[in-house]
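# Overview (structure and organization)
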Amino acid sequence: MKTQVCIIGGGPSGLLLAQLLHRRGIASVVLERKTKDYVLGRIRAGVLEQGLVRLMEEAGCADRLHREGFVHDGTLVAYGDEMFRVDFSRHTGTPVIVYGQTEVTRDLYAAREASGGVIEYEVEDVEILGADTDAPQVSYTVGGERRRIFPQFIAGCDGFHGVSRQAIPLSVRREYEKIYPFGWLGVLSETPPVNHELIYANSPRGFALCSMRNENLSRYYIQCSLSDSPSDWTDAAFWQELKRRLPSTVAQALVTGPSIEKSIAPLRSFVTEPMRWGRLFLCGDAAHIVPPTGAKGLNTAASDVHYLYTALRQFYETGSEAGLDSYSADALARVWKVSRFSWWFSSLLHRYPDQSEFDHKVQLAELEFLRTNDAAQAAMAENYVGLPY
Ligand code: APR
Ligand code: PHB
């Protein structure tokens, strides 16, 4: 089989890239290790930057998100009983849209299916050969049969545990990592959100976040120990702990109910360099992970997709390789800025096991500075709504 671009991974990065390319007449094959239902069963953050919204529009997949997504012009930050609002629209002229990543992925699958694009599900043993030559190959097994494709380019969109990053030799690859000494326990419940905007809370008992999916579906998180497991937390214990970490007015307004999902995610920052090796281009979680504070995972995947899509379009429309040549540097420049913001926002809001009294006082001073300083709020707003591509 001959194809122009082989996309390894059918998560949001791979599907968005496939759909954007398709709209420009560039053919691709998507190889996904799991089933569609499995991919759609993952629950991830749900805050979309304008850049991602624009890409979804360009991919022809934004109708439902405009209909059902919630436009948020700001967010609340709480510490103790203090709470203040950072106004995104006033500082940047741009809101964010709250719409679940699962729904983004569902819309992209629907578009891929409607356009007749190929997605091979349940592929195993994907192998990349000759990525640094002019004749790269991808082989894989599906339904017990070994297949081989000969694409012009390979997009490694296969997430943190994929094979694409590993195909770049260690002599070329450099990895940077920071493990945070805590996790997030998340609960989804069919209850009305406690507030119409998100609340990020720093409390002496640790971080808490009030988020949402729709009018009757709330998403809450609390910082937990890495050794906790979801079964250690009854619903009652979760709600009690969440309330203790929120300002009392918010805690009193909180509507609780049975959880319909409960899971723990560790927090990690990770970046691999370079993001290109020959004809292989890494995109999204395959190249970087950010802690969830600020919801940058999907949005940063989208900025990679933007750079790669633009570069491939330029190549197919004009023959120029300039965009392909600058892909890694362009994508990484933004990835590092987002990594900094996610690290900063995490550092501002969490309780660290080794935090000294001094560290704690500095953290409170930083919250106080952010509460009272317009320029600090403007900087936060600019990062939160998404740095320009
Ligand atoms: N072969 C084929 N597919 C693979 C392989 C492989 N060897 N390894 C992994 N995959 C698939 C996974 O099953 C998954 O569906 O690649 C996909 C990668 O999807 P994600 O992990 O969701 O990564 P990405 O598409 O880059 O999405 C960006 O933003 O909010 C964050 O981490 C969150 O998933 C999110 C990400
Ligand atoms: C979520 O709704 O899951 C969410 C929102 C904001 C974040 C992280 C997660 O910063």
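Everything below is about the structure shown above.
As a starting point, this report considers the structure included with it. Predicted model, so just to flag it, every value in this text is computed and none were measured.

### Thoughts on the sheet that holds strand S3 (residues 47-48)
- An order of S3-S7-S4 is seen for the 3 strands of this open sheet, with the pairing classed as antiparallel. Edge strands, defined here as strands with exactly one partner in the open sheet, are S3 and strand S4 (70-72).
- Pairing between S4 and strand S7 (residues 96-98): 3 bridges, direction antiparallel. Paired with His72 across the strands is Val96, a residue of S7.

### Some details on helix H7 (residues 235-245)
- Buried within H7 are the following residues: Phe238, Trp239, Glu241, Leu242 and Arg245. Along the axis of H7, the buried residues cluster in a sector spanning 165 degrees; they form a single face.
- Its buried side turned inward, H7 meets strand S12 (174-189), strand S13 (199-202), strand S14 (208-214) and strand S15 (217-224).

### Quick notes on the site of ligand 2
- Looking at ligand 2, there are 15 residues lining it, with Tyr200, Ser211, Arg213, Tyr221 and Gly294 nearest.
- Residue Arg213 places a side-chain N or O atom 2.8 Å away from an oxygen atom belonging to ligand 2.
- Take Ala295: an N or O atom from its main chain is 3.2 Å from an oxygen atom of ligand 2.
- When isolated, ligand 2 has an accessible area of 280 Å², and the protein chains bury 100% of it.
- Of all elements in the fold, only S14 and S15 reach the threshold of two or more residues within the shell around ligand 2.
- Ranked by residues supplied to the shell around ligand 2, first place goes to S14 with 3 residues.
- Taken together, the residues of the shell around ligand 2 sort by class into 9 nonpolar, 4 polar and 2 charged.
- Counting contributing residues per domain, the shell around ligand 2 is built from domain 1 (2-69 + 99-177 + 268-347) and domain 2 (180-266 + 354-385), each supplying no fewer than three.

Definitions and cut-offs
- Residues numbered from 1 in each chain as written.
- Chains lettered and ligands numbered in written order.
- Predicted model: local features only at pLDDT ≥ 70, side-chain atom pairs only at ≥ 80, totals over all residues.
- Heavy atoms only, no water.
- Pairing = 2+ DSSP bridges.
- Helix = DSSP H or I, 4+ residues; strand = E, 2+ residues; numbered from the N terminus.
- Buried < 20%, exposed > 50% of the residue type's maximum accessible area, 1.4 Å probe, protein only.
- Arc of directions from axis to C-beta.
- Contact = heavy atoms within 4.5 Å.
- Near = heavy atom within 4 Å.
- Polar contact = N/O pair within 3.5 Å; in protein donor to acceptor, adjacent residues only side chain to side chain.
- Areas by Shrake-Rupley, 256 points an atom, 1.4 Å probe, with all protein chains shown as cover.
- Nonpolar A, V, L, I, M, F, W, Y, C, P; charged D, E, K, R; others polar.
- Domains from an automatic or database assignment.

Don't take any of this as a statement about function, it's just geometry.
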